[in-house]
Amino acid sequence: MTGIIILAAGQSARLGTPKQNLIYKGNTLLQHTINAALQSVCKPIIVVLGAYAADILPTIDAKDIEIIRNDDWEEGMASSIRASITALQKHPDIDSALIMLCDQPHVDALLLKTMIHRLQDSHKGIIACAYNGTLGVPVLFNKQYFAGLLLLTGHDGAKKILAAHLSDIAAVPFPLGAVDIDTMADYTNLSNLP
C-alpha cells in the first residue's frame with residue numbers, strides 16, 4: 001500500500017498569511033490537496049500541521065485523514081518529513097510513501113494514480129514529477145528510502161535524496177507542477193486563471 005503525506009506545517013513567511021487557508025475553487029488550498037489525496041487509491045493520508053495549526057484545523061474536514069502536529073516545524077521541512085515517515089511506519093502494510101505539498105493547486109488524483117502505476121511498472125524506487133527542467137514533488141518513495149528520509153535535517157527536503165539516487169528515478173511529466181503559491185502575486189495569478 002502507498003501512504004500519502006501532505007506537508008502543511010510551514011509558516012508561509014513570504015506570503016504573510018497561512019497559504020493552507022487560501023481559497024481555491026471553493027476550498028482551502030490544503031483541503032483541495034486533501035481532496036485529491038482522498039480520490040487516489042492511497043491510505044493512510046497523513047497531514048502534517050505545525051505553524052498556524054490552531055487556525056488551520058477548523059478549516060479542514062478531518063474525516064478519513066490522520067493529522068499529526070509537528071512542534072519542531074521551525075527547524076524546516078525535514079522535521080515534517082521525519083514526523084510523517086515515523087507515523088507512516090506504524091502502518092505495517094505500507095510499502096511506499098507519496099509526499100505532497102499543500103501549495104501545488106494543479107495536483108489531482110489522476111496524477112497521483114499515474115505515479116503509483118509508474119512505480120509498479122518502472123521497477124524504480126523513486127517516482128518524481130518533472131517540470132521546469134527539474135525533478136520534484138509530488139514524489140513517491142519505495143520504503144527502502146524511508147531510512148534516508150528519517151535522516152534529513154533542517155531545510156533539507158526530499159530533493160537531497162533525489163540527487164543522490166538519480167539512476168533509481170522514473171519521471172512523470174507534470175508541467176503544471178511549476179505553479180506553486182509562495183507569494184500573494186502567485187495567488188493573484190492563480191485566481192485570475194479561468
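For the structure itself, look to the data block above.
A. Quick look at the sheet that holds strand 5 (residues 66-69). Taken together, 7 strands build an open sheet; the order of strands is 5-4-1-6-8-7-9 and the sheet is mixed. Since the sheet does not close on itself, it has two edges, and those belong to strand 5 and strand 9 (169-173), each with one partner. Across the sheet, the axes of successive neighbouring strands diverge by a mean angle of 25 degrees, strand direction being ignored. As paired strands, strand 4 (residues 45-49) and strand 5 are joined by 4 bridges and run parallel to one another. The partner of I46 across the bridge, within strand 5, is E66. Packing against the sheet, helix 1 (residues 29-38) makes contact with strand 1 (2-8), strand 4 and strand 6 (96-101), and its axis sits at approximately 175 degrees to strand 1.

B. Looking closely at the packing of aromatic side chains. One pass over the full model with this rule turns up 2 aromatic pairs. Aromatic pair Y131 and F174: ring centres 6.4 Å apart, planes at 90 degrees, arrangement edge-to-face. Residue Y131 is located in strand 7 (residues 126-131), and its partner F174 is located in the loop between strand 9 and helix 7 (184-191); the two are separated by 43 residues in the primary sequence. Using a relative accessible area of 12% as the deciding quantity, one classes Y131 as buried. Take F174: its relative accessible area is 7%, and that puts it in the buried class.

C. Summary view of the pattern of salt bridges. Under the criterion given, the structure shown has 5 salt bridges. The partner of K19 in a salt bridge is D182, with the nearest N and O atoms 3.0 Å apart. With K19 in the loop between strand 1 and strand 2 (23-24) and D182 in the loop between strand 9 and helix 7, this residue pair connects regions lying 163 residues apart in the sequence. K63 is the salt-bridge partner of D64, the closest N and O atoms lying 3.6 Å from each other. Of the residues examined, D64 reaches a relative accessible area of 56% and is grouped as exposed. Exposure remark for K63: the relative accessible area of 56% places this residue in the exposed category.

D. The pairing of strand 7, seen in detail. The buried count for strand 7 comes to 5 of 6 residues, which makes it a mostly enclosed element. Both strand 7 and strand 8 (residues 134-142) contribute to a ladder of 6 bridges, which runs antiparallel. Note on strand 8: the bridge partner recorded for A128 is V139. Joining the antiparallel neighbours strand 7 and strand 8 is a turn of 2 residues, in which N132 adopts a positive phi near 50 degrees. As paired elements, strand 7 and strand 9 share 5 bridges and run parallel to each other. Residue pairing for strand 9: C129 is matched across the bridge by V172.

E. Up close: the side chain of Q20. Following the sequence through the fold, Q20 ends up in the loop between strand 1 and strand 2. A distance of 2.8 Å separates a polar atom in the side chain of Q20 from the backbone oxygen of A8. Of the polar contacts made by the side chain of Q20, one reaches the backbone oxygen of G10; its length is 3.2 Å. Dropping the residues within four chain positions of it, Q20 is found in contact with A8, A9, G10, S12, T28, L29, L30, I56 and C102.

F. Quick peek at the environment of I65. Among the structural elements, I65 can be located in the loop between helix 2 (53-56) and strand 5. C-alpha of I65 to C-alpha of L38: the two residues are 27 residues apart in sequence and 8.3 Å apart in space. Beyond its immediate sequence surroundings of up to four residues, I65 is in contact with I34, L38, I45, V47 and I60.

Calculation notes
- Residues numbered from 1 in each chain as written.
- Predicted model: local features only at pLDDT ≥ 70, side-chain atom pairs only at ≥ 80, totals over all residues.
- Heavy atoms only, no water.
- Pairing = 2+ DSSP bridges.
- Helix = DSSP H or I, 4+ residues; strand = E, 2+ residues; numbered from the N terminus.
- Axes fitted to C-alpha atoms, helices over the stretch in contact; angles between N-to-C directions.
- Contact = heavy atoms within 4.5 Å.
- Phe/Tyr/Trp six-rings, centres within 6.5 Å; stacked < 30°, edge-to-face > 60°.
- Buried < 20%, exposed > 50% of the residue type's maximum accessible area, 1.4 Å probe, protein only.
- Salt bridge = Lys/Arg side-chain N within 4 Å of Asp/Glu carboxyl O.
- Polar contact = N/O pair within 3.5 Å; in protein donor to acceptor, adjacent residues only side chain to side chain.

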